[in-house]
Amino acid sequence: MAEGSLETDGHRSSMPAELCHPHSKYSQWKFKLFRLKSMEKVPLPTETRPEEGAVTGISPPAASNTEADNGTGSESVMKLCLGGKSKEIVEGPGRRVDVKLQEMDTHMNQLRCLCRLCGMALRTVKGPVHDVNGDLDEVSKGALRKMGCKFTSWPEVVLKVFKVDVKEDTESVHPLSFCHRCWVVIIRGGGFCSFSRTRVPEWKPHSSTCNLCSPRKPSFQRTGRKRRKAIPRVQSLAKRTRRDPGDCIVVGERKALRPFGDNHHGPMLRASIQREHWVKNITHCQTDHLNTKLISEKLPVDFLHSFTCRVCDHLLSDPVQSPCRHLFCRGCILKYNRVLGPHCPACNMSCSVDELALPAKGFLSALHSLSLLCPTSGCGKEFRLDSFKAHCHGHDLDEQDDKQRPPELDNYTLTNKGGRPRQHLLSLTRRAQKHRLRDMKNQLKVFADKEEGGDLRSVCQTLFLLALRSGNEHRRADELEAMMQGRGFELHPAVCLAIRVNTFLSCSQYHKMYRTVKATSGRQIFQPLNTLRAAEKGLLPGFHPFEWQPALKNVSTSCTVGIINGLSGWASSVDDFPADTITRRFRYDVALVSALKDLEEDLLEGLRESGMEDSACTSGFSVMIKESCDGMGDVSEKHGGGPPVPEKAVRFSFTVMSVSVLADGEGEEVTIFTEPKPNSELSCKPLCLMFVDESNHETLTAVLGPIVAERNAMKESRLILSVGGLPRSFRFHFRGTGYDEKMVREVEGLEASGSTYVCTLCDSTRAEASKNMVLHSITRSHEENLDRYEIWRTNPFSESVDELRDRVKGISAKPFMETQPTLDALHCDIGNATEFYKIFQDEIGEMYQKVNPTREERRSWRAALDKQLRTKMKLKPVMRMNGNYARRLMTQEVVEVICELVPSEERREALRELMRLYIQMKPVWRATCPAKECPDQLCRYSFNSQRFADLLSSTFKYRYNGKITNYLHKTLAHVPEIIERDGSIGAWASEGNESANKLFRRFRKMNARQSKAFELEDVLKHHWLYTSKYLQKFMEAHKDSAKALQATIDPEASQECETIFSSLEVDDF
């Protein structure tokens, strides 16, 4: 036994220290890398086994090629595993190596034959193999550079496309290459995305249950151990556990490889030859379904296999998908399940008829786009799969016609008289094509000039359309007809531009969408960016010619003026410091011309509806313009280091409210256009954007001064503009009504809102307005404010400051812009809601019984009010009152909820009466036309306002004793007079300009140019396009054009989505 032990352990006793027993002396890396459990002795590859050679009589095998490969192949792997030493150095002559090392070597050889990204065997994919950790070759780099990808190494591209980081790959776990098919996926995606459903396998280290190495276990034969006898099994299939088929990785054409580390030991089920014969006898679809040999292109086997039925091996016809994601023809799987039971023919999983579903839309689109070769002799044409059966049906009809044709018609067939055979028209050069079609071209040109006004293109397209209809190619004919009508698979540039502007897409985002849709569908549905830029030019100011008679004073006569610098007319001297602002604007007259051309169709339609002769109305047009100006607050971008610096902006905009015409011989003007949504951001066109604080009077005066000069010049002239092909004369009337209280006081030179003079319409002080809340009239005007400023500046009577201030009624700065004395409805709602919010707090705390409540008491009242509104009315508290909160607060339901917190019943009734009167008065100043919309409230307004004032001065005297807010004073005193003079207050509000504030940041994100000067230009341009009536009408007329994209991706589902797209609105884009 001792000798035996010595003989047995002799070889191991001479091994290096890191490979010797006991286990405590083994190095840690050997345990971690190979997970050793025992040391086994195996013969070297160069040695022979005596018992094998004696029994079988086979000569000893030659040395393995891997050992003679100059250090490459498995030997390099062995060196890596043995710490850089070769087998001979570690083992010595006649030594044995560990079987785990050879298993690892075999495993790594298997990995070299697989693709890193898809798991396919590299030998099954035609094309070169690419190193997954190498640099891009010149061909790949050039192809990706054209599509905007600037990466230089494959790991960066793979991470972007397949979302897999291959930089940390190890040779013992991951393959080192990827196949040419994955390379094609990367190139088609432009290095940014993948259009295929490639599932990257999860590669795991080698183990005893490795799926790559488990089929070959040479250790059993080499060690001489007996293989256990197989346990007799029942002849029926064992019960399979249901598992997700997505866990399998496709490696070959019909081979599935499970991810490493799975413990599924059952063999894969394969269909036998006898079973295939059974299936063919079951389905009987050889004459109905198409063979894969009809495909004209030489497609990869794996790609072609995905389009074949797993039952009949034909091209999929009416495909359905099982829960295990296998595809079948609908008829084949139904017959199969009826005969052999409800299970999947591919994986034997349970699959009933109710569980079948349609495949993905992208797959159906790819299936229908397969090009098939017509098998009819003499045809040889290629057709798509969706139109192939119609073509074959045409051959059947031709054969029937040939059988019925009388033989005497054969005498009239063309005979070949010899010479060079006549080539097909499409095989000729362009010059030869022109020569052959010369006569027909001349005839078509004569016909187009005579009948169609010279539109040769439409004539040719119509002929092609009729040819497609006659050939039963109705689908292509529908596409062509949709493109001819500007609504279909190739969207009109205006529709694409409207989609880009209304969805706030930047240039790069739109180009990526355009490229992705084109690559996915194979058709150019969206227009490229250069086409959109050409369409922009016709919609922006500076494109249309016009003329002013007489010419405008101090204004250039050029018509092609686009966006200009708002400080271009600044007259600076030596002492003046440079303007600390950036501003961009349109020239006022050029912007008005573009706005009128945008309304051209509406103006002509209004003339027709009024029954007026179009050619007779060339003069007498009057245009009413509403001007709005308001600050947008802090619009700074909160990014970068350091504290955020406030960046305030101001927008000046205008709205075309109405257009009327006084025809020759008529006594009164006829309104041919009225803005249907005067308070919408879609109708408020931007004129000037500037980074400036609205309280900065000097800078605001300098920036808006040129605009005021242009407006004053246009008042004294008339515009000659071509509308409907005829030159027409327009005069403009400007009304500055879209200003809030703060902006009116700024441009009219008044003191701030908290001054003694409470109103911008009359000369009343705050004390006078609180004593007499109703009986006041409008006394202020722009001319009077200018005169009072001159008195303030010169002080002709040598009065004191208080006496002079009382004489000029609060004028302290020069008015530089004329405003219309009116009431802004939006800010009136907000101001009154703020006042009611404070009244609610005071009533909850019974303020009428207390003299000077503490700050903590007031905070407790407000907290109780906010909690009640949040719990009962779902109104969350806001830091600053806004329009939406004001509309929800000023309701009778809110008052009932608040009355639950008011202790006194008398005070509750007073609150209810106050809110009831306010709700009756509110429609008068909010309605666009109160005489038509709310005549009863308009008639009772004076009575309601007097009752409202009585309540404030009696029941709520504790709050309005000697004081009143600005908007409450205007609401009670001036609304009837403004309605009588202007006819409306709500239509002339600043709500459109306020609503456009939210668009500033969204347009700002569309820009790639980060400079603030260029940024303002882009925001101004996109905002103008956003308000274009032409684009809005195009979107409304082509709102079903989104079906083009759906029909391209999934033609069969386009009919099902018709109801969905029919409900789209313009804002949905």
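Bear in mind the structure is a predicted one, so any value in this text is a computation, not a measurement.

Calculation rules
Residues numbered from 1 in each chain as written. Predicted model: local features only at pLDDT ≥ 70, side-chain atom pairs only at ≥ 80, totals over all residues. Heavy atoms only, no water. Helix = DSSP H or I, 4+ residues; strand = E, 2+ residues; numbered from the N terminus. Buried < 20%, exposed > 50% of the residue type's maximum accessible area, 1.4 Å probe, protein only. Areas by Shrake-Rupley, 256 points an atom, 1.4 Å probe, with all protein chains shown as cover. Arc of directions from axis to C-beta. Contact = heavy atoms within 4.5 Å. Patch = residues over 30% accessible without salt bridge, like charges linked within 9 Å, V, L, I, M, F, W, Y side chains within 5 Å. Salt bridge = Lys/Arg side-chain N within 4 Å of Asp/Glu carboxyl O. Lys, Arg positive; Asp, Glu negative; His and termini not counted. Charge placed at Lys NZ, Arg CZ, Asp CG, Glu CD. Core = buried A, V, L, I, M, F, W, Y, C linked by side-chain atoms within 4.5 Å. Axes fitted to C-alpha atoms, helices over the stretch in contact; angles between N-to-C directions. Parallel < 35°, antiparallel > 145°, perpendicular 65-115°, else oblique. Nonpolar A, V, L, I, M, F, W, Y, C, P; charged D, E, K, R; others polar. Phe/Tyr/Trp six-rings, centres within 6.5 Å; stacked < 30°, edge-to-face > 60°. Lys NZ or Arg CZ within 6 Å of the ring centre and 35° of its normal. Pairing = 2+ DSSP bridges. Expected span 1.5 Å × (residues − 1). pLDDT = per-residue confidence, 0-100.

**A few points about the overall build of the protein**
- When its secondary structure is counted, the protein shows 45 helices and 17 strands.
- When burial is assessed residue by residue, the protein has 44% of its 1069 residues classed as buried.
- For the protein, the accessible surface area stands at approximately 58600 Å², while carbon and sulfur atoms represent 52% of it.

**As for helix α24 (residues 600-609)**
- Among the residues of α24, Leu603, Leu604, Gly606 and Leu607 are the ones counted as buried. Projected down its long axis, α24 shows its buried positions confined to an angular sector of 155 degrees, all on one face. Exposed side of α24, more than 90 degrees from the buried face: Glu601, Arg608 and Glu609 are the residues found there.
- Buried positions along α24 lie against α23 (588-598), β12 (621-634), β13 (648-661), β14 (670-674), β16 (718-723) and β17 (726-738).

**With respect to unusual backbone geometry**
- Going from Gln549 to Pro550, the amide bond is cis rather than trans, its omega being -10 degrees.
- Turning to its location among the elements, Pro550 is positioned in the loop between β9 (547-549) and β10 (563-565).
- You will see that Asp313, though not glycine, has its phi angle at about 60 degrees, which is positive.
- As for its placement among the helices and strands, Asp313 is situated in the loop between α12 (301-305) and β5 (319-321).

**What to know about a positive patch on the surface**
- Together, Arg430, Lys434, Lys441 and Lys445 make up a region of like positive charge exposed at the surface.
- At the level of secondary structure, the elements contributing two or more residues to the positive patch comprise α16 (430-436) and α17 (438-451).
- Position of Lys445 among the secondary structure elements: in helix α17.
- We classify Lys445 as partly exposed; its relative accessible area is 49%.

**A look at the side chain of Arg907**
- Note that Arg907 resides in helix α34 (residues 905-926).
- Setting aside residues no more than four positions away along its own chain, Arg907 makes contact with Glu843, Tyr848, Val902, Thr955, Phe956 and Tyr958.

**So, the nonpolar core**
- Residues Tyr588, Phe652, Phe654, Phe730 and Phe732 are the most contacted members of the largest nonpolar core, which totals 96 residues.
- Setting aside chain neighbours within four positions, we find Phe654 in contact with Tyr588, Ala591, Leu592, Ala595, Ile625, Lys626, Glu627, Ser683, Cys684, Lys685, Leu687 and Trp1024.
- In this structure, Leu865, Val902, Val924 and Ile985 belong to the second largest nonpolar core, which totals 57 residues.

**Examining the packing of helix α28 (residues 782-794) against helix α29 (residues 801-808)**
- At a minimum axis separation of 9 Å, α28 and α29 run at an interaxial angle of 170 degrees. Regarding the angle of α28 to α29, the classification is roughly antiparallel. Together, Arg788, Ile791 and Trp792 of α28 and Leu804, Arg805, Arg807 and Val808 of α29 make up the contact between the two elements.
- Taken together, the residues of the contact of α28 with α29 sort by class into four nonpolar, no polar and three charged.

**Considering the environment of Glu768**
- Structurally, the position occupied by Glu768 is in helix α27 (residues 766-771).
- Residues Glu768 and Lys963 lie 195 residues apart in sequence; the distance between their C-alpha atoms is 8.5 Å.
- If we ignore the near neighbours within four places in the chain, the residues touching Glu768 are Asp763 and His776.

**Here we look at a negative patch on the surface**
- Judged by side-chain charge, Glu768, Asp802, Glu803 and Asp806 come together as a negatively charged surface patch.
- The greatest single-element share of the negative patch, amounting to three residues, is contributed by α29.
- If you trace the backbone, Asp806 turns up in helix α29.

**Structural notes on the packing of helix α7 (residues 138-146) against helix α9 (residues 180-188)**
- The N-to-C vectors of α7 and α9 enclose an angle of 30 degrees; their axes lie 9 Å apart at closest approach. Compared by their axis directions, α7 and α9 come out roughly parallel. Contact residues: α7 offers Ser140, Ala143 and Leu144, while α9 offers Trp183, Ile186 and Ile187.
- Broken down by class, the residue content of the contact of α7 with α9 amounts to five nonpolar, one polar and no charged.

**Quick notes on the packing of aromatic side chains**
- Using the criterion set out here, one finds 20 aromatic pairs in the structure.
- For the pair Phe836 and Tyr918, a centre-to-centre distance of 5.3 Å together with 55 degrees between the ring planes defines the contact as tilted. Of this pair, Phe836 sits in helix α30 (residues 825-844) while Tyr918 is found in helix α34, placing the two residues 82 residues apart along the sequence. A single burial state applies to Phe836 and to Tyr918, both of which are buried.
- Pairwise contacts between aromatic rings join Trp548, Phe586, Tyr588, Phe652, Phe654, Phe732, Phe734 and Trp1024 into one cluster.
- Cation over ring: Arg735 sits above Trp988, and NZ or CZ is 4.1 Å from the ring centre.
- It is Arg907 that lies over the ring of Tyr848; its NZ or CZ is 4.2 Å from the centre.

**Remarks on the pairing of β12**
- With 11 of its 14 residues buried, β12 lies for the most part within the structure.
- As judged from the eight bridges shared by β12 and β17, these two strands associate in the parallel manner. Bridging from a neighbouring strand, Glu627 pairs with Gly736 of β17.

**Some points on helix α21 (residues 507-521)**
- Over its 15 residues, α21 runs 21 Å from end to end, which matches the ideal 21 Å to within 8%, given 1.5 Å per residue.
- Listed as buried for α21 are Tyr510, Tyr514, Arg515, Val517 and Ser521. Take α21 and look down its axis: the buried residues cluster within an arc of 165 degrees, on one side only.
- Two residues or fewer after α21 comes Gly522, characterised by a positive phi angle close to 80 degrees.

**Here we look at the side chain of Ser628**
- Mapped onto the elements of the fold, Ser628 is located in strand β12.
- The contacts of Ser628, once residues within four sequence positions are left out, are Arg651, Phe652, Ser653, Gly738 and Asn993.

**Some words on the confidence of the model for the protein**
- Overall, the prediction assigns the protein a mean pLDDT of 77, with 75% of residues at 70 or greater.
- The element-level mean pLDDT for the protein is lowest in helix α45 (residues 1058-1062), coming to 37, with α23 highest at 95.
- Long-range and interchain partners of residues 405-418, a stretch whose pLDDT sits below 50, account for one contact in this model, where long-range means more than four residues apart.
- Of the regions scoring below 50 in pLDDT, residues 1041-1069 engages in 50 contacts with residues more than four places distant in sequence or in other chains.

**A word on the environment of Ala534**
- Looking at the element boundaries, Ala534 is found in helix α22 (residues 529-537).
- Along the chain, Ala534 and Pro493 lie 41 residues apart, while their C-alpha atoms are 8.8 Å from each other.

**Focus: the pattern of salt bridges**
- Using the criterion set out here, one finds 43 salt bridges in the structure.
- The closest approach of N and O atoms between Arg793 and Glu790, which form a salt bridge, is 2.7 Å. On the criterion of helical spacing, the pair formed by Arg793 and Glu790 is a turn pair, its members being three residues apart in helix α28.
- In this structure, the salt-bridge partner of Arg807 is Glu799, at a minimum N-O distance of 2.7 Å.
- Its relative accessible area of 18% is what places Glu799 among the buried residues.

**Comments concerning the environment of Arg515**
- Structurally, the position occupied by Arg515 is in helix α21.
- A C-alpha to C-alpha distance of 10.0 Å links Arg515 and Gln527, two positions 12 residues apart in sequence.

**Overview of the pairing of strand β15 (residues 685-690)**
- Burial within β15 is extensive, with six of its six residues counted as buried.
- Direction of pairing for strand β11 (residues 583-586) relative to β15: antiparallel, over a ladder of three bridges. Looking at β15, one finds that Thr583 is bridged to Met690.
- Two strands pair when backbone bridges link them, and β13 and β15 are joined in this way by five bridges, in the antiparallel orientation. Residue pairing in the sheet places Arg651 in a bridge with Leu689 of β15.

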